[in-house]
Amino acid sequence: MTRELEAVGGLAVQASLFTSRRLKASGDFEADADCVLFQGDCLDLLRTLPDGLAKLVVTSPPYNLGKEYESRLSVDSYVAGQRRVIAECVRALDPRGSICWQVGNYVDNGEIIPLDVLLYPVFAELGLHMRNRIVWHFGHGLHASKRFSGRYEVVLWFTKTSEYTFDLDAVRVPQKYPDKRHFKGAKRGELSGNPLGKNPSDVWEIPNVKSNHVEKTIHPCQFPVELVERLVLSMTEPGDWVLDPFLGVGTSAIAALIHGRRALGAEIEPRYMSIARERVRAAEEGRLRVRPMDRPVYDPAGRTESSPPRTVQLELAE
Ligand SMILES: C[S@@+](CC[C@H](N)C(=O)[O-])C[C@H]1O[C@@H](n2cnc3c(N)ncnc32)[C@H](O)[C@@H]1O
């Protein structure tokens, strides 16, 4: 967990939490590691994991768009490849665990195919239970001229069973009218909303990582840390394993480690893996800056309070 103490020179700085030991990182799965960063094909890592290990699998897989890190496949081959990875993730998932598969659209000759529509049957056939289809809305992206510009992607959230870890209080957001009270009946005068805040709903407005974002690296489509933080905080407990089979530059690992969870992931592209390692090192040394979870989305009319980037420090699981 992180603690923000004071603002100095426009940057929020954190108290050093004086963790009693150094982060234990490993390139292959080791049960007593804090962080496993495997460079290679995710199936090679997944096959080494014990059954039921991870409390949360969170990932954004390749979208089959012909990005620099993927070769374009037929839709059937793409789904078959995803099925192999998803089946291994389900095997490695704790019975109280969750899988969050974050996807957008596959675009073919100007025609869009929503990947969640293609992949939903794979999860359903593996016996998973869908809890939400979260719409992640963001303000920036390509400007389309022959269709409306895409400004959302989705997070498909499934659980393995109906007994699953979910802590809503950990991720409540401020009420719109925090002082609103019941005006009649037995509860007259009492606050009508939950004083801990409201349910963040299944539509999340979180800026995507574009050039001026504090977390931007060379990766063309990295997660914002705050998107994964919300999933980690609500679906896992301290010490749990968070697994990302398509780790990219390590965002899921960062989000897990800054909240005292253990992180595990694979990335096939060496350049991205070396950035993931450097980001984890920067987090351990208190040098990594992220966009704070509670920062309002920028309003060009200047009606939002400014809140500076947050420098994170790790708290290691006992
Ligand atoms: C959409 S990106 C994920 C980005 C990530 N969420 C982040 O925040 O950096 C998908 C990643 O999967 C990697 N990848 C593609 N095929 C892979 C495979 N078979 N095993 C492991 N990683 C793979 C790509 O190199 C790419 O970095």
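What counts, and at which threshold
Residues numbered from 1 in each chain as written. Predicted model: local features only at pLDDT ≥ 70, side-chain atom pairs only at ≥ 80, totals over all residues. Helix = DSSP H or I, 4+ residues; strand = E, 2+ residues; numbered from the N terminus. Buried ≥ 20, exposed ≤ 12 C-beta atoms within 10 Å, placed from the backbone. Contact = placed C-beta atoms within 7 Å. Pairing = 2+ DSSP bridges. Axes fitted to C-alpha atoms, helices over the stretch in contact; angles between N-to-C directions. pLDDT = per-residue confidence, 0-100. Core = buried A, V, L, I, M, F, W, Y, C linked by C-beta atoms within 7 Å. Left-handed = near helix turned anticlockwise from the far one by under 90°. Nonpolar A, V, L, I, M, F, W, Y, C, P; charged D, E, K, R; others polar. Expected span 1.5 Å × (residues − 1). Arc of directions from axis to C-beta.

Examining the overall build of the protein chain
Alright, step 1. When helices and strands are counted, the protein chain shows 6 helices and 15 strands.
Alright, step 2. Residues classed as buried in the protein chain amount to 33% of the 318 residues present.
Alright, step 3. Relative to all contacts within the protein chain whose residues are 6 or more apart in sequence, the contacts with residues 24 or more apart total 66%.

Focus on the sheet that holds strand S13 (residues 262-267)
Alright, step 1. Overall, mixed pairing links the 9 strands, which are arranged S3-S4-S13-S12-S5-S6-S10-S9-S11 in an open sheet. On the outer flanks of this sheet lie strand S3 (25-26) and strand S11 (203-205), each paired with one strand and no other.
Alright, step 2. Helix H4 (residues 225-235) rests against strand S5 (54-59), strand S6 (93-103), strand S9 (129-137) and strand S12 (241-244) of the sheet, and its axis sits at about 160° to S5.

Remarks on the confidence of the model for the protein chain
Alright, step 1. Here the protein chain averages 88 in pLDDT, while 88% of its residues score no lower than 70.
Alright, step 2. The model gives residues 1-18 a pLDDT under 50, and that stretch makes 34 contacts with residues more than four places away or in other chains.

Side note on the pairing of strand S8 (residues 111-114)
Alright, step 1. Where strand S7 (residues 105-108) and S8 come together, 4 bridges link them in antiparallel fashion. The residue of S8 that forms the bridge with Asp 108 is Glu 111.
Alright, step 2. The loop that links S7 with its antiparallel partner S8 comprises 2 residues; one of these, Asn 109, has a positive phi angle of about 55°.

Digging into the environment of Arg 22
Alright, step 1. Within the secondary structure, Arg 22 is located in the loop between strand S2 (11-14) and S3.
Alright, step 2. Sequence separation between Arg 22 and Asp 34 is 12 residues; the distance between their C-alpha atoms is 9.5 Å.

Section: the pairing of strand S10 (residues 152-159)
Successive residues of a regular strand alternate their side chains across the two faces of the sheet.
Alright, step 1. When you tally the buried positions in S10, you get 7 out of 8 residues, the bulk of the element.
Alright, step 2. Pairing geometry for S6 and S10, over 6 bridges, is antiparallel. Residue Val 103 lies in a different strand from S10, and its bridge partner there is Val 154.

Quick notes on unusual backbone geometry
Glycine aside, residues mostly have negative phi, and peptide bonds are mostly found in the trans state.
Alright, step 1. Its identity is not glycine, yet Asn 109 carries a phi of approximately 55°, on the positive side.
Alright, step 2. Tracing the backbone through its elements, the reader meets Asn 109 in the loop between S7 and S8.
Alright, step 3. When the 4 C-beta atoms within 10 Å are taken as the criterion, Asn 109 is described as exposed.
Alright, step 4. Despite not being glycine, Ser 201 shows a phi value in the positive range, around 70°.
Alright, step 5. Note that Ser 201 resides in the loop between S10 and S11.

So, the nonpolar core
Alright, step 1. Ala 54, Leu 56, Cys 89, Val 242, Ala 253, Ile 254 and Leu 257 are the most contacted members of the largest nonpolar core, which has 63 residues in total.
Alright, step 2. Here this core takes 6 residues from H4, the largest share from any one element.
Alright, step 3. Residues within four places of Cys 89 in sequence aside, it is in contact with Leu 46, Val 57, Ile 99, Leu 243 and Pro 245.

Topic: the packing of helix H2 (residues 75-91) against helix H3 (residues 115-125)
Alright, step 1. With their axes 10 Å apart at the nearest point, H2 and H3 run at an angle of 40° to one another. The chirality of how H2 crosses H3 is right-handed. Along the contact surface, H2 presents Val 75, Val 79, Gln 82, Arg 83 and Ile 86, while H3 presents Leu 118, Leu 119, Val 122 and Phe 123.
Alright, step 2. A per-class count over the contact of H2 with H3 returns 7 nonpolar, 1 polar and 1 charged.

Here's the deal with the environment of Gly 110
Alright, step 1. For Gly 110, the position within the fold is in the loop between S7 and S8.
Alright, step 2. Since 8 C-beta atoms lie within 10 Å of it, Gly 110 is described here as exposed.
Alright, step 3. For Gly 110 and Ala 144, which are 34 residues apart along the polypeptide, the C-alpha to C-alpha distance reads 9.8 Å.

A closer look at helix H6 (residues 270-284)
Alright, step 1. Here H6 spans 21 Å end to end across 15 residues, near enough to the 21 Å set by a 1.5 Å rise per residue.
Alright, step 2. The complete set of buried residues in H6 reads Tyr 272, Met 273, Ala 276, Arg 279, Val 280, Ala 283 and Glu 284. For H6, the arc enclosing every buried residue in end-on projection is 140°, short of the 170-degree limit, so these residues lie on one face.
Alright, step 3. For H6, the elements touching its buried residues are S3, strand S4 (35-39), helix H5 (251-257) and S13.
Alright, step 4. Phi for Gly 286, located one or two positions after H6, is positive at around 70°.

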